[in-house]
Amino acid sequence: DRIICDVPCSGDGTLRKIPEVWKTWHPNYGIKLHSLQLQIAMRGAALLKCGGLMCYSTCTFNPIEDEAVVAELLTRCRGALELVDASDWLPQLTWKAGISKWIVIDDDLKLYPTFESSQFPSIPLADRRRYRRSMWPATVESTKVQHPLHRCLRLMPQYQDTGGFFVALLRKVSELPG
């Protein structure tokens with residue numbers, strides 16, 4: 001059983017072939033898509049048979065759309081999915097490992113190092129509502145589980161003369177909880 005979960009994304013990995021993306025791209029684009037991407041990935045995981053593989057992919061380098069979605073998917077599935085190390089499956093493919101640290105920014109380039117920093121009363125309510133705890137990485141201090149996000153693949157456009165992509169390969173090892 002195989003599922004390709006190529007979710008809608010902000011598309012900054014396509015800038016090489018579609019420079020017009022710069023005209024509409026903004027940091028909040030990924031923030032707006034995060035929940036939808038997670039819903040699609042969860043549905044894919046639910047449809048996947050035990051032992052099957054799901055490829056979660058985007059054409060963006062925004063960790064809120066990439067590693068943050070994968071980390072929250074693994075957290076919600078509570079061990080029913082595992083992140084597969086596919087680094088040696090295509091030895092001729094050049095890639096960078098997934099990242100485990102990032103900071104959330106908004107369209108005004110304001111930095112939000114933690115979810116709590118995005119919820120201050122001085123921030124308009126509509127802005128506070130768009131942020132989800134799952135957009136931030138796990139930290140040593142947090143209660144979030146540390147997932148092996150280094151197993152994700154970041155395919156940089158300059159490595160293979162292509163567009164840019166993010167890929168995470170997940171195996172379903174048991175039924176999803178609840």
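Residue numbering note: each chain is counted from 1, following its sequence as written. Under the rules for a predicted model, residues below a pLDDT of 70 receive no local features and side-chain atom pairs below 80 are neither given nor counted, while totals for whole chains, interfaces and linings still include all residues. The side-chain values count all of the structure's non-hydrogen atoms but skip hydrogen atoms and water molecules.

The subject of this paragraph is unusual backbone geometry. Backbone geometry at arginine 78 places phi at a positive 40°, although glycine is not the residue there. Only DSSP runs of H or I with at least four residues qualify as helices, and only runs of E with at least two residues qualify as strands; both kinds are numbered from the N terminus onward. Within the secondary structure, arginine 78 sits in the loop between helix H3 (67–77) and strand S3 (81–83). Think of it in three bands: with a 1.4 Å probe and only protein chains considered, a residue is buried below 20% of the maximum accessible area for its type, exposed above 50%, and partly exposed in between. Given the relative accessible area of 63%, arginine 78 is considered exposed. Positive phi is not limited to glycine here, since leucine 109 has a value of about 65°. Secondary-structure assignment places leucine 109 in the loop between strand S5 (104–105) and strand S6 (111–112).

Salt bridges are defined by distance alone: a side-chain nitrogen of Lys or Arg within 4 Å of a carboxyl oxygen of Asp or Glu. Throughout the structure, instances matching the rule amount to 8 salt bridges. Among the salt bridges present, the one from aspartate 127 reaches arginine 130, with a minimum N-O distance of 2.4 Å. Taken together, the residues span about one helical turn, with aspartate 127 and arginine 130 both in helix H4 (residues 125–130) at a distance of 3 residues. You can call aspartate 127 partly exposed: its relative accessible area is 25%. Through salt bridges with shared partners, one network takes in Asp66, Glu67 and Arg154.

A few words on the packing of helix H2 (residues 27–47) against H3. Two numbers describe how H2 lies on H3: the axes approach to 10 Å, and their chain directions differ by 45°. The angle between H2 and H3 places the two elements in the oblique class. In terms of crossing hand, the pair formed by H2 and H3 is right-handed. On the side of H2, the interface is formed by His34, Gln37, Leu38, Ala41, Met42 and Ala45, while H3 contributes Ala68, Val69, Glu72, Leu73, Arg76 and Cys77. To get an axis, a line is fitted to the C-alpha atoms, and for a helix only the part in contact is used. The angle between two axes follows their N-to-C directions and goes from 0 to 180 degrees. Throughout this description, any angle smaller than 35 degrees is read as roughly parallel, any larger than 145 degrees as roughly antiparallel, any in the 65 to 115 degree range as roughly perpendicular, and the remainder as oblique. Here is the rule for handedness: rotate from the far helix to the near one, and if that takes an anticlockwise turn smaller than a right angle the crossing is left-handed, while a clockwise turn gives right-handed. A contact between two residues is defined here by any heavy atoms of the two lying within 4.5 Å.

One can find cysteine 9 in the loop between strand S1 (2–6) and helix H1 (21–24). For the pair cysteine 9 and glutamine 146, spaced 137 residues apart in sequence, the C-alpha to C-alpha distance is 24 Å. Apart from residues lying up to four places away in sequence, cysteine 9 is in contact with Tyr29, Leu33, Gln37, Thr58, Cys59, Thr60 and Glu65.

Moving on, we come to the pairing of S1. Every other side chain in a regular strand lies on the same face of the sheet, so the side chains alternate between the two faces. Of the two faces of S1, the one holding Ile3 and Cys5 is buried and the one holding Arg2, Ile4 and Asp6 is not buried anywhere. We call two strands paired when DSSP finds no fewer than two bridges between them. Direction of pairing for S1 relative to strand S2 (residues 53–58): parallel, over a ladder of 5 bridges. Along S2, the bridge assignment pairs isoleucine 3 with methionine 54.

Quick look at the side chain of arginine 128 now. Mapped onto the elements, arginine 128 comes out in helix H4. Note that His is not counted, nor are the chain ends; the positive residues are Lys and Arg, and the negative ones are Asp and Glu. Salt bridges are absent for the buried arginine 128, whose nearest opposite-charge side chain, aspartate 127, sits at 8.8 Å. A polar side-chain atom of arginine 128 sits 3.3 Å from the main-chain carbonyl oxygen of phenylalanine 120. What qualifies as a polar contact is a pair of N or O atoms within 3.5 Å, subject to a donor-acceptor requirement within protein and to the restriction that residues adjacent in sequence count only when both atoms come from side chains. Polar contacts involving the side chain of arginine 128 include one to the main-chain carbonyl oxygen of isoleucine 123, which spans 2.9 Å. What arginine 128 contacts, discounting residues up to four positions off in sequence, is Ser118, Gln119, Phe120, Pro121 and Ile123.

Further remarks concern the packing of aromatic side chains. The aromatic pairing rule takes the rings of Phe, Tyr and Trp, using the six-membered ring of Trp, and pairs them if the centres are within 6.5 Å, calling planes under 30 degrees apart stacked, those over 60 edge-to-face and the rest tilted. A full pass over the atoms with the stated rule returns 5 aromatic pairs. On the numbers, 6.4 Å between centres and 75° between planes, the contact of tyrosine 56 with phenylalanine 166 is edge-to-face. Of this pair, tyrosine 56 sits in strand S2 while phenylalanine 166 sits in strand S8 (residues 165–172), and the two are 110 residues apart along the sequence. By relative accessible area, which is 0% here, tyrosine 56 ends up buried. Taking the relative accessible area as the measure of exposure, phenylalanine 166 reaches 0% and is therefore buried. Centroid distance tyrosine 131 to tryptophan 136: 5.9 Å. Interplanar angle 55°. Geometry classified as tilted. For the pair tyrosine 131 and tryptophan 136, a shared accessibility class is recorded, and that class is buried. By way of ring pairs, the aromatic residues Tyr112, Phe115, Tyr131 and Trp136 are connected into one cluster.

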